[in-house]
Amino acid sequence: SQKIEQNSEALNIQEGKTATLTCNYTNYSPAYLQWYRQDPGRGPVFLLLIRENEKEKRKERLKVTFDTTLKQSLFHITASQPADSATYLCALFHGSGNTGKLIFGQGTTLQVKP
Amino acid sequence: ETGVTQSPTHLIKTRGQQVTLRCSSQSGHNTVSWYQQALGQGPQFIFQYYREEENGRGNFPPRFSGLQFPNYSSELNVNALELDDSALYLCASSPTSGRPTEAFFGQGTRLTVV
């Protein structure tokens, strides 16, 4: 069956360190992968989109990699800050023609301690 | 803020009742998707509307139904509520269907079924 898995355990790191979150998928061949941030009681907020022919994408302190051979994406936050504490969701775009949907992992909660 | 607004923000209903949740999409977006997010889980796709037509459906029973209006706002209706329907319901709008552009989420409606 198709699965998207993220680290279910919360990730606790010290301010200033690099946080690395993992997203693994099986039985998909996604052309695109997205990362979202979600704060408690709020809707997800889009962060980055990476295409299958892009190995790496950067935006300010964020970096995403996409390895279609390993079926894995890594999400890095460098120089982490307490304000980065949130749940991070990876999502695959699954669709064809004029229809499509996002399939989300369960999310990884990041806690950055000062 | 994404420009996507949902109402109400919180709702308590009794098992067996019916509920209608509303979503105003971002200006210029003709595609609205609805997601259900249980506590500690990622959002799960319910269905999508594109130009007032249902344009894809997830693994949800027929008692979950929806509408999209000419101004692209949308409603999610759930009949015969069950306790397991308690969740955060998210609406997401995007500028077009079938392409993996970023999704703009509303803040969600927290539904509690007692």
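Above this text is the structure in question.
Treat the numbers as computed from the prediction; the structure is a model and nothing was measured.

Strand residues, when the strand is regular, have side chains that alternate between the two faces of the sheet. Where strand E1 (residues 3–6) of chain A lies against strand E3 (residues 19–26) of chain A, 4 bridges are found, and the strand directions are antiparallel. Looking at the pairing, A:Gln6 lines up with A:Cys23 of E3(A).

Looking now at the interface of chain B and chain A. Facing 24 residues of chain B, the contacting portion of chain A comprises 21 residues. Carbon and sulfur atoms make up 54% of the area that chain B and chain A hide from each other, which totals about 1700 Å². Counting every contact that joins chain B to chain A gives 0 salt bridges. On the surface where chain B and chain A come into contact, there are 3 residue pairs in polar contact (both at pLDDT 80 or more). Mapped by element, the contributors of at least two residues to the side of chain B that touches chain A are strand E4 (31–37), strand E5 (44–50), strand E6 (53–57) and strand E9 (87–94) of chain B. Here the side of chain B that touches chain A takes 3 residues from E5(B), the largest share from any one element. The class makeup of the residues in the side of chain B that touches chain A is 9 nonpolar, 12 polar and 3 charged.

Okay, the packing of aromatic side chains next. Per the counting criterion, the structure on display carries 13 aromatic pairs over all chains. Judged by centre distance (6.1 Å) and plane angle (70 degrees), the ring pair of A:Phe104 and B:Phe105 falls under edge-to-face. Here the residue A:Phe104 occupies a position in strand E10 (residues 99–104), and B:Phe105 occupies one in strand E10 (residues 104–105), the pair thus bridging two chains. Looking at A:Phe104, the relative accessible area reads 9%, which means it is buried. For the ring pair B:Phe60 and B:Phe64, a centre distance of 5.1 Å and an interplane angle of 65 degrees mean the geometry is edge-to-face. On the accessibility criterion, B:Phe60 (12% relative accessible area) is buried. Among the aromatic side chains, those forming a connected cluster through ring pairs are A:Tyr36, A:Phe46, A:Phe104, B:Tyr35, B:Phe45 and B:Phe105.

B:Pro8 follows B:Ser7 through a cis peptide bond whose omega is -10 degrees. Along the chain, the position of B:Pro8 falls in the loop between strand E1 (5–7) and strand E2 (10–13). A positive phi is found at A:Glu60, a non-glycine position, where the angle reads about 55 degrees. Structurally, A:Glu60 can be placed in the loop between strand E6 (56–59) and strand E7 (62–67). Look at A:Glu60 and you get exposed, because its relative accessible area is 79%. With phi around 45 degrees, A:Ala79 is a residue other than glycine that occupies positive phi space. By the element assignment, A:Ala79 lies in the loop between strand E8 (72–77) and strand E9 (86–96).

So, how was this worked out
Residues numbered from 1 in each chain as written. Chains lettered and ligands numbered in written order. Predicted model: local features only at pLDDT ≥ 70, side-chain atom pairs only at ≥ 80, totals over all residues. Heavy atoms only, no water. Pairing = 2+ DSSP bridges. Helix = DSSP H or I, 4+ residues; strand = E, 2+ residues; numbered from the N terminus. Contact = heavy atoms within 4.5 Å. Buried area = accessible area lost by both parts, 1.4 Å probe. Salt bridge = Lys/Arg side-chain N within 4 Å of Asp/Glu carboxyl O. Polar contact = N/O pair within 3.5 Å; in protein donor to acceptor, adjacent residues only side chain to side chain. Nonpolar A, V, L, I, M, F, W, Y, C, P; charged D, E, K, R; others polar. Phe/Tyr/Trp six-rings, centres within 6.5 Å; stacked < 30°, edge-to-face > 60°. Buried < 20%, exposed > 50% of the residue type's maximum accessible area, 1.4 Å probe, protein only.

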